[in-house]
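The chain contents come next:
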Amino acid sequence: MVLWVEDPLKSAEFYAEFLNLPSVGEMEYRVGKAPFLSVRVSGESIIDLVGKSIAGDVDELHGWSGSSGHPVNHVCLAVDETRHYEILERLESGGVEILKIMHDTSGAQGNCRQAFYFTDPDGNVIEVRHY
C-alpha cells in the first residue's frame, strides 16, 4: 500500500509508536538515497509513506498521469508467477491497457521479478507483481 503523507518521518514515527510497525529504509531516506520510506506490517507486507511533494514524480513511475496525491496511489497484488502471467494475458486479451511493465524492482518480499500496472474502470491504478 502506498499512502500519501505530508511528512514521511513524522508518519513513520506515528506508525512505530502507536502500531508498533518498524520503519524500513529510514536511513536511506534521511540521507536522500531513497524517495520515500516504509513501515513493515508483516514479513510479506509494507506500507510505503510517500511525501505529497513528490506526487508528480510518482505519476511517471507507473505511467498514469494524475493518479498521484490521492489518499491511495495504487493497490499492489502479489501473486505467484503462474497467476501473474494468467492475469496479464486476461487483461491483454480483454483489451485492458497495460500502463507499464517493470522488472527487478524492490518490494515487501525483496526483489520483484516482474510487475505491471493497469487501471480499473474507475481509474484506480492496480499493480500485479510476482517475486
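These figures come from a predicted structure and were not determined experimentally.

1. Some remarks on the state of the cysteines
- In the structure shown here, the tally under the stated rule is zero disulfides.
- Left without a disulfide partner, Cys-76 is nearest to the cysteine sulfur of Cys-112, which lies 7.4 Å away.
- For Cys-76, a relative accessible area of 32% puts it in the partly exposed group.

2. What about the pairing of strand 7 (residues 110-119)?
- For strand 7, the tally of buried residues reaches seven of 10 residues, placing the bulk of the element in the interior.
- Pairing between strand 6 (residues 100-107) and strand 7: seven bridges, direction antiparallel. Within the sheet, the bridge partner assigned to Ile-101 lies in strand 7 and is Phe-116.
- Counting the residues that bridge the hairpin from strand 6 to strand 7 gives two residues.
- One ladder, built from six bridges, connects strand 7 with strand 8 (residues 125-130); its direction is antiparallel.

3. Quick look at the packing of aromatic side chains
- Within the structure shown, the criterion is met by three aromatic pairs.
- When the ring of Phe-14 is compared with that of Tyr-15, the centres are 5.7 Å apart and the planes differ by 90 degrees; the resulting orientation is edge-to-face.
- Geometrically, the ring pair formed by Phe-14 and Phe-18 is tilted, given 4.9 Å between the ring centres and 45 degrees between the ring planes. Placement of both Phe-14 and Phe-18 in helix 1 (residues 8-19) is noted, with a separation of four residues, approximately one turn of the helix.
- Through a chain of ring-to-ring contacts, the aromatic side chains of Phe-14, Tyr-15 and Phe-18 assemble into a single cluster.

About the criteria used
Residues numbered from 1 in each chain as written. Predicted model: local features only at pLDDT ≥ 70, side-chain atom pairs only at ≥ 80, totals over all residues. Heavy atoms only, no water. Disulfide = S-S within 2.5 Å. Buried < 20%, exposed > 50% of the residue type's maximum accessible area, 1.4 Å probe, protein only. Helix = DSSP H or I, 4+ residues; strand = E, 2+ residues; numbered from the N terminus. Pairing = 2+ DSSP bridges. Phe/Tyr/Trp six-rings, centres within 6.5 Å; stacked < 30°, edge-to-face > 60°.

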